Amino acid sequence: MSQEIEIGLGKKGRLAYSLDDVSIVPSRRTRDPQDVSTSWQVDAYEFDVPVIGAPMDSVTSPATAIAMGKMGALGVLDLEGLWTRYDDPQPLLDEIAELPAESATERIQQIYAEPIKPELIVERLHEICDAGVTVAGALSPQRTQDYYSTVLEAGVDLFVIRGTVVSAEHVSQDHEPLNLKKFIYDLDVPVIVGGAANYTAALHLMRTGAAGVLVGFGGGAVSANRNTIGVHAPMATAIADVAEARRDYMDESGGRYVQVIADGGMGDSGSFIKAFALGADAVMLGSPLARAEEAPGKGMHWGAEARHQTLPRGFRTNVGTVGTLEDIMFGPSHNADGTTNYIGALRRAMATTGYVDLKSFQRCPVTVAPTR
């Protein structure tokens, strides 16, 4: 039963929890960390580790997408980012990393005003494909109809539709909105779509035929949605809600399983692990991977929210550099702040609670211990 509290005489609100508010509880059985499996699968594509590199220019370039793929993860390229607007985006990435804080957002808006070039979409995706790893690209719902045919012709394996909030029932008075159900049905590749932050929105997205649903609004460390438009969803409750929608959709569809992918708010390995305990199959990481030495942002981090031309809902922030991409994913760690060895930490948590794979780990007990 969800719990509602009275905000005032005319309004009640549901009590919801962030990842910081919950903790994993060990059970009666333990295992050795090397005996657990961290693999996951979406459609026909299987990955050794349940990590998806967020489609953000400070995180995923063609080079880092290839590196992630060779490590058993999945890197998703932002097909509306600098890599598809400029032949050589490196000088601009360097400039953004050096901008003073007070002028960063305005300059980012100017840089991203350059039009997207379809030929660069093809070139970047071919570069990833030629390296022999799974190819994934992301577009916003607003741009999907314009560029999806280019993306498919380029040979993408997985297609991601990612926005702050993506619904199966968008209504517009001045243009024909994207019909997600028809769009996904007509495609020959699996589609991951989101964000969604509650049971109903997620269930509707699952009914479109999506292979995976992103939970949350992404860009947690660089998002100002709560400050600018008042939108926020505590991730622990959101993941658990969407996991329940998945269970009900499985019954409704005769057993079709939709991947639940937590997106945003996983700045340390503890939060990353708790996302799986609450029902996620994989996690899309932004700021943790932006801290890699190979990251295009050079320790600076920003997302699509910062580049909106009239209402930016995000900002550039300094997340620093903590090690190589391999250090962040697999260690070794040399500190206890949860910024490196994410997969080692996940293996340790699964072993400590006695679960052998991610599906069973979703059933582990948790407790609520609010920090506020």
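Residues numbered from 1 in each chain as written. Predicted model: local features only at pLDDT ≥ 70, side-chain atom pairs only at ≥ 80, totals over all residues. Heavy atoms only, no water.

Participant: Just to check I follow, could you spell out the overall build of the protein for this structure?
Facilitator: Regarding its fold elements, the protein presents 14 helices and 16 strands. Relative to the compact-globule value of 21 Å for 372 residues, the protein shows a C-alpha radius of gyration of 20 Å, a close match. With respect to the principal axes defined by its C-alpha atoms, the protein has extents near 55 × 50 × 45 Å. Counting over 372 residues, the protein shows a buried share of 53%. Contacts spanning at least 24 positions in sequence make up 68% of the contacts within the protein whose residues lie at least 6 apart. (Helix = DSSP H or I, 4+ residues; strand = E, 2+ residues; numbered from the N terminus. Rg over C-alpha atoms; globule rule 2.2 N^0.38 Å. Buried < 20%, exposed > 50% of the residue type's maximum accessible area, 1.4 Å probe, protein only. Contact = heavy atoms within 4.5 Å.)

Participant: How do you make sense of helix 9 (residues 235–253) when you look at a structure like this?
Facilitator: Think of an α-helix as turning once every 3.6 residues; residues three or four places apart then point the same way. The end-to-end C-alpha distance of helix 9 is 26 Å, a good match for the 27 Å that 19 residues give at a rise of 1.5 Å each. Positive backbone phi, at 80 degrees, marks Gly254, one or two positions downstream of helix 9. (Expected span 1.5 Å × (residues − 1).)

Participant: Looking at this structure, how should I read the packing of aromatic side chains?
Facilitator: For any pair of aromatic rings, the description consists of the separation of the ring centres together with the inter-plane angle of the planes. For the structure on display, the rule yields 6 aromatic pairs. Taking 4.8 Å as the distance between ring centres and 80 degrees as the angle between the ring planes, the aromatic pair formed by Tyr148 and Phe183 counts as edge-to-face. Placement of the pair is Tyr148 in helix 5 (residues 141–153) and Phe183 in helix 6 (residues 180–186), with a sequence separation of 35 residues. For Tyr148, a relative accessible area of 30% gives the class partly exposed. Both rings, one in Phe159 and one in Phe183, keep their centres 6.0 Å apart while their planes meet at 50 degrees; by these two values the pair is tilted. Remark: Phe183 occurs in helix 6 and Phe159 occurs in strand 9 (residues 158–162); sequence separation between them is 24 residues. Considered together, Phe159 and Phe183 belong to a single accessibility category, that of buried residues. Cluster of aromatic residues (ring-pair linked, three or more members): Tyr148, Phe159 and Phe183. (Phe/Tyr/Trp six-rings, centres within 6.5 Å; stacked < 30°, edge-to-face > 60°.)

Participant: Would you explain the pairing of strand 9 in this entry?
Facilitator: Residues in a regular strand point their side chains to alternate faces of the sheet. Of all the 5 residues making up strand 9, 5 are buried; the element is thus mostly covered by neighbouring parts of the structure. Residues Leu158, Val160 and Arg162 line one face of strand 9 and the alternating positions Phe159 and Ile161 line the opposite face, and both faces are buried. Taken together, strand 8 (residues 136–139), helix 5 and strand 9 constitute a β-α-β crossover, and its handedness is right-handed. Alignment of strand 9 against strand 10 (residues 191–196), held across 4 bridges, turns out to be parallel. Within strand 10, the position partnered with Arg162 by the bridge is Gly194. (Right-handed = clockwise from strand over helix to strand, strands pointing away. Pairing = 2+ DSSP bridges.)

Participant: Quick question: what am I supposed to make of the pattern of salt bridges here?
Facilitator: Close approach of charged atoms lets side chains of opposite charge pair. The final tally for this structure, using the stated rule, is 14 salt bridges. With its nearest N and O atoms 3.8 Å apart, the salt bridge here joins Arg143 to Glu80. Of the two residues, Arg143 sits in helix 5 while Glu80 sits in the loop between strand 7 (74–78) and helix 2 (90–98), which places them 63 residues apart along the sequence. Linking Lys117 and Glu114 is a salt bridge whose minimum nitrogen-to-oxygen distance equals 2.8 Å. Taken together, the salt bridges that share partners define one network made up of Asp78, Glu80, Arg143 and Arg307. (Salt bridge = Lys/Arg side-chain N within 4 Å of Asp/Glu carboxyl O.)

Participant: Looking at this model, I keep getting lost on helix 4 (residues 118–130). Mind explaining?
Facilitator: Under the 1.5 Å per step criterion, the end-to-end length of helix 4 is 18 Å for 13 residues, consistent within 8% with the ideal 18 Å. The complete set of buried residues in helix 4 reads Leu120, Ile121, Arg124, Leu125 and Ile128. Here the buried residues of helix 4 occupy an arc of 125 degrees about the axis, which is enough to place them on one side. Backbone geometry just after helix 4 places Gly132 at a positive phi near 80 degrees. (Arc of directions from axis to C-beta.)

Participant: What exactly am I supposed to notice about the layout of surface pockets here?
Facilitator: To find leftover empty space, one rolls a probe the size of a water molecule over the atoms. As a volume, the second largest pocket reaches approximately 780 Å³. Lining the second largest pocket are 38 residues, with Gly220, His232, Ala233, Met235 and Gly265 sitting closest to its centre. Among the secondary structure elements, those contributing two or more residues to the lining of the second largest pocket are helix 8 (225–228), strand 13 (282–285) and helix 11 (287–290). Class assignment of the residues belonging to the lining of the second largest pocket gives a composition of 15 nonpolar, 17 polar and 6 charged. (1 Å grid on protein atoms, 1.4 Å probe; cavity = no way out; pocket = protein on both sides within 12 Å on 5 of 7 lines; lining within 4 Å. Points joined across faces, edges and corners; volume = space filled by probe spheres on them. Nonpolar A, V, L, I, M, F, W, Y, C, P; charged D, E, K, R; others polar.)

Participant: I keep staring at the nonpolar core and nothing clicks. Help me out?
Facilitator: Ranked by size, the top nonpolar core spans 114 residues in total, and within it Val51, Phe159, Ile239, Met266, Phe272, Leu289 and Phe361 carry the most contacts. Top element by residues in this core is helix 9. It accounts for 7 residues. Ignoring sequence-local partners within four residues, the contact set of Val51 consists of Trp40, Ala73, Leu74, Phe272, Val283, Leu285, Leu289, Met329 and Ile343. (Core = buried A, V, L, I, M, F, W, Y, C linked by side-chain atoms within 4.5 Å.)

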